[in-house]
Structures are given as structure tokens and as C-alpha cells.
Amino acid sequence: MRLHLLRAALLSGGAALSFLLLVPRAGAAQSLPASALAVAVGGEWMEWWRSDRAPVAWRGADPTVRRALRWEPVQRGVDMAELRLRGTGEAWRTRVIVVRIDPAAVRLRAVAGEAQGAGRAAWAIDAAPANAIAAFNAGQFTGASPWGWVVRDGVEQLSPGHGPLAPAFVVDTMGSVRWLFPPIAADAAPGVSAAFQSYPTLLVDGAIPAALRTAGSGVDLAHRDARFTLCTLGDGGVLLAMTRFDALGGVLDSAPFGITTPEQAALAGALGCRTAMALDGGISAQLLLRDGAGRVQRWEGMRRVPLGMVVLPR
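Remember, predicted model here, so these are calculated numbers, not experimental data.

A few words now on unusual backbone geometry. Of note, the bond from P182 into P183 is cis; its omega dihedral lies within 30 degrees of zero at -5°. Structurally, P183 is set in the loop between β13 (177-180) and β14 (192-197). Omega for the peptide link from Y199 to P200 comes to -5°, which places this bond in the cis form. Its place among the elements puts P200 in the loop between β14 and β15 (201-203). You will see that D153, though not glycine, has its phi angle at about 50°, which is positive. Within the element layout of this structure, D153 appears in the loop between β10 (150-152) and β11 (155-158). Taking relative accessible area as the criterion, D153 reaches 44% and is therefore assigned partly exposed. Despite not being glycine, D205 has its phi angle at roughly 50°, a positive value. You can see D205 is positioned in the loop between β15 and β16 (228-233). Given a relative accessible area of 52%, D205 falls into the exposed group.

All right, on to the pairing of β13 then. Because side chains alternate across β13, one face comprises the buried residues V177 and W179, and the other comprises R178 and L180, none of which is buried. Where strand β12 (residues 168-172) lies against β13, four bridges are found, and the strand directions are antiparallel. For V170, the partnering residue across the bridge sits in β13 and is R178. Here β12 hands over to β13 after four residues, with G175 in that stretch at a positive phi of 95°.

This part covers the environment of A61. Along the chain, A61 turns up in the loop between β2 (44-50) and α2 (63-68). Judged by its relative accessible area of 25%, A61 falls in the partly exposed class. Residues A61 and R274, 213 residues apart in the sequence, show an inter-C-alpha distance of 9.5 Å. Apart from residues no more than four positions distant in its own chain, A61 is found in contact with R66, G269, A270, L271 and G272.

What follows deals with the sheet that holds strand β19 (residues 287-290). Spatial strand order, β6-β21-β7-β19-β20: five strands in an open sheet with antiparallel pairing. Of all strands in the sheet, those with a lone pairing partner are β6 (106-111) and β20 (296-299), marking the two edges. Going across the sheet, the axis of each strand differs from the next one's by a mean of 10°, ignoring polarity. Looking at chain direction, strand β7 (residues 134-137) and β19 are connected through three bridges and run antiparallel.

Take Q197: it is sitting in strand β14. Among the residues examined, Q197 registers a relative accessible area of 1% and is labelled buried. Separated by 2.8 Å, the side chain of Q197 and the backbone nitrogen of W149 make a polar contact. Within polar-contact distance, the side chain of Q197 engages the backbone nitrogen of G161 at 2.7 Å. Ignoring any residue separated from it by four or fewer positions in sequence, one finds Q197 in contact with G139, Q140, W147, G148, W149, P160, G161, A166, P167, A168 and I184.

Looking now at the pairing of strand β1 (residues 36-41). Burial analysis of β1 places six of its six residues in the buried class, which makes it a mostly covered element. Of the two faces of β1, both are covered, the one formed by A36, A38 and A40 as well as the one formed by L37, V39 and V41. Where β1 and β2 come together, six bridges link them in antiparallel fashion. Residue pairing across strands places L37 opposite W49, the latter belonging to β2. Counting the residues between successive antiparallel strands, the hairpin from β1 to β2 contains two residues, one of them, G42, with a positive phi of roughly 55°. Judged from the two bridges that link them, β1 and strand β4 (residues 78-86) form a sheet pairing that is antiparallel. For A38, the partnering residue across the bridge sits in β4 and is R86.

Here we take up the nonpolar core. Counting residues in hydrophobic clusters, the biggest one holds 39 residues, and the most contacted among them are W48, W58, L83, L212, L267 and L271. Considering every element that reaches this core, the biggest residue donor is helix α3 (residues 261-270), with five residues. Excluding its chain neighbours within four sequence positions, the residues that come into contact with W48 are L37, A38, V39, W58, D62, T64, V65, L85, A266, L267 and A270. Counting residues in hydrophobic clusters, the runner-up holds 34 residues, among them I133, F228, L240 and M277.

The next point concerns the state of the cysteines. Under the defined criterion, the tally for this structure stands at one disulfide. C231 shares a disulfide with C273; S-S distance 2.1 Å. As the torsion about the S-S bond is roughly -60°, the C231-C273 disulfide counts as left-handed. With C231 in strand β16 and C273 in strand β18 (residues 273-279), this pair connects stretches of sequence that are 42 residues apart. Residue classification places C231 among the buried residues on the basis of a relative accessible area of 1%.

Thresholds, definitions, all that
All residue numbers refer to positions counted from 1 along the written sequence of the respective chain. It should be noted that, the model being predicted, local features are given only for residues of pLDDT at least 70 and side-chain atom pairs only at 80 or more, the latter also being counted only at that level, while totals for whole chains, interfaces and linings use all residues. Remark: hydrogens and water are excluded; side-chain values derive from all non-hydrogen atoms of the structure. Numbering of helices and strands starts at the N terminus; helices are DSSP runs of H or I of at least 4 residues and strands are runs of E of at least 2. To sort residues, take the accessible area from a 1.4 Å probe on protein chains only and compare it with the maximum for the residue type: under 20% means buried, over 50% means exposed, and anything in between is partly exposed. A pair of strands is labelled paired if DSSP reports no fewer than 2 bridges between them. In this analysis, two residues are considered to be in contact whenever any of their non-hydrogen atoms come within 4.5 Å of each other. Lines fitted to C-alpha atoms define the axes here, with helix axes fitted over just the stretch in contact, and angles between the N-to-C directions of these axes take values from 0 to 180 degrees. Polar contact is defined as a pair of N or O atoms within 3.5 Å, subject to the rule that within protein one atom must be able to donate a hydrogen and the other to accept it, and that residues adjacent in sequence are counted only when both atoms are side-chain atoms. Put simply, buried Ala, Val, Leu, Ile, Met, Phe, Trp, Tyr and Cys residues joined by side-chain atoms within 4.5 Å make one nonpolar core. Cysteine sulfur pairs qualify as disulfides if the two atoms are within 2.5 Å.

Right under this line is the structure:
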């Protein structure tokens with residue numbers, strides 16, 4: 001029944017259809033769609049993942065992917081790096097923008113835009129305050145409203161949603177981050193500063209959910225799209241990973257081409273994530289970074305969304 005509820009939420013709104021959950025049919029299990037991922041390291045393409053030997057759990061970052069990362073500071077508590085991936089089909093050229101956040105050094109706050117009329121989502125990265133170090137779209141949505149549980153500034157805005165792969169990312173009043181997994185209690189808000197749900201779960205303590213490992217288990221594992229991942233690391237840090245189509249000189253940077261959900265989970269594991277979930281990708285994915293001199297980098301989405309998160313100085 002929960003699978004049916006999650007499917008209804010997706011079909012009634014603008015959330016990415018690649019995360020559509022269906023009731024599995026008995027006997028429908030099959031292997032992952034054939035695909036592979038390579039990363040550019042020092043001008044050489046090095047393959048690090050294949051669907052026919054995909055791990056069921058990640059115990060740490062992939063050494064090849066780790067070698068390709070070159071971290072640069074944005075501001076205190078926030079660093080960024082980029083990867084170039086070569087994948088199958090639409091993912092033949094994919095850029096990954098990776099952002100590492102130290103919750104002990106910054107403040108994370110959920111934000112929403114001003115209403116723009118019935119049925120119109122209102123928030124975009126340009127609405128981020130002038131002192132924001134980073135800003136990005138948060139969660140999934142249905143129509144002009146976020147889907148699932150939302151807490152902003154300690155006040156519960158929406159009650160928990162129901163779905164087996166729909167965890168909540170939580171920031172407590174001390175600034176620490178944690179996860180809540182379904183079923184999420186209706187009285188979970190005390191002590192919470194900000195929270196939102198999204199789907200699907202990509203990793204839980206390094207393990208990939210069964211529905212993302214076997215086709216026919218309830219998740220579309222073949223669809224390719226631009227992806228956005230939010231995860232936590234073993235040291236308590238937060239990581240963002242946004243994919244962008246990386247061909248034709250960036251002309252189609254925001255096009256909804258890219259990797260599959262199993263590949264998204266693999267990328268999270270290879271980056272060292274322990275627990276991870278997908279944010280709304282496709283044409284909703286957007287990210288802003290501002291350095292100490294006020295210089296801004298933008299990866300814009302093609303539509304506004306109901307909910308965002310900003311990273312502010314402490």
C-alpha cells in the first residue's frame with residue numbers, strides 16, 4: 001500500500017519520474033541494465049564500476065574516484081571538487097559537482113520562496129540570501145508543495161509522507177545532522193531545526209537497498225537523468241553530488257541527461273557516502289556556491305521548486 005501512495009504523489013506533481021515506485025510483480029526480478037562508469041584521472045579514463053559486478057555495499061570511497069578529486073575551499077566549512085565521468089548512452093560525458101559541508105562550521109536552514117500563484121512553485125537559488133555560502137533544491141514535490149515531512153526554523157510545515165524508500169534528512173537545534181527512516185512519527189519535530197524527506201534511499205550505512213540492485217523490484221533502474229545526491233560521510237560531514245551533461249561546450253549543461261539510479265547509488269558509495277538519498281534531479285536540480293570574495297558559481301535549474309536549503313556562516 002505504501003508503494004501505491006508514493007506512486008500517487010509522484011504522478012500528481014513534478015517530481016522526477018525516474019524514481020517512480022511500483023508494486024513489484026512476483027517473479028519479475030532480473031539483472032541490472034548493462035552499464036559501466038569510468039572517471040578521468042590525469043587525462044586517462046579509468047573504469048571503476050560495472051553493473052555486472054556491482055557491489056551490494058560500500059565500505060569506503062573508491063580509490064580511483066578519490067584520486068580524481070581535487071578539493072578547493074569555498075568558504076570555511078565548505079569545499080568543492082569536480083569529476084568527469086564517462087558512462088553508457090546519455091552518460092557518455094557527465095560532469096559531477098561535489099560539495100563537502102562541515103555542519104559544525106556552518107548553519108543549514110530550510111527555506112521556501114514567496115507564493116507566486118496557485119500551483120506555481122516559488123523557490124530558486126537566486127532567492128538565497130546574500131550571505132549564503134551554498135544553496136540547493138531540497139526534497140521532492142507534488143504540484144507547488146513539497147512532498148512529505150518538512151520542518152523549517154523548528155516549526156513543522158508538513159506531516160511525514162509514506163514510502164519505504166523515503167527517509168528524512170534532519171538538522172537538530174545544535175546543528176548536527178542525522179537521518180530518520182520510515183515510518184516517521186508525526187511527533188518527530190521536537191529538537192529539530194530543519195528537516196525534509198526525499199526518495200529514493202541510495203545507501204544505508206553503505207548498503208544499497210535491494211530495490212536498487214535488482215530490476216523488477218519496484219524502481220525504474222534503466223531511466224537516465226540528471227541526478228542530485230545528498231549524503232552523510234563517516235566523519236559526520238555532508239556531501240552533495242550534482243551531475244550535469246558535459247558535452248557540446250556546456251550548451252546543454254542543464255539538460256536532463258545522465259546516469260541511472262543504480263549508478264547514482266554507486267557514485268555516492270564511491271565518494272565515501274555512508275547514508276544517501278536522491279534529491280529532485282532532472283530540470284529541478286540547482287546549486288549555488290559563493291566564495292569569501294563574493295564570487296558566485298551557479299548551476300541553474302530549468303524550473304522553480306517549493307523548497308530549498310541554504311548553508312550560512314556560523
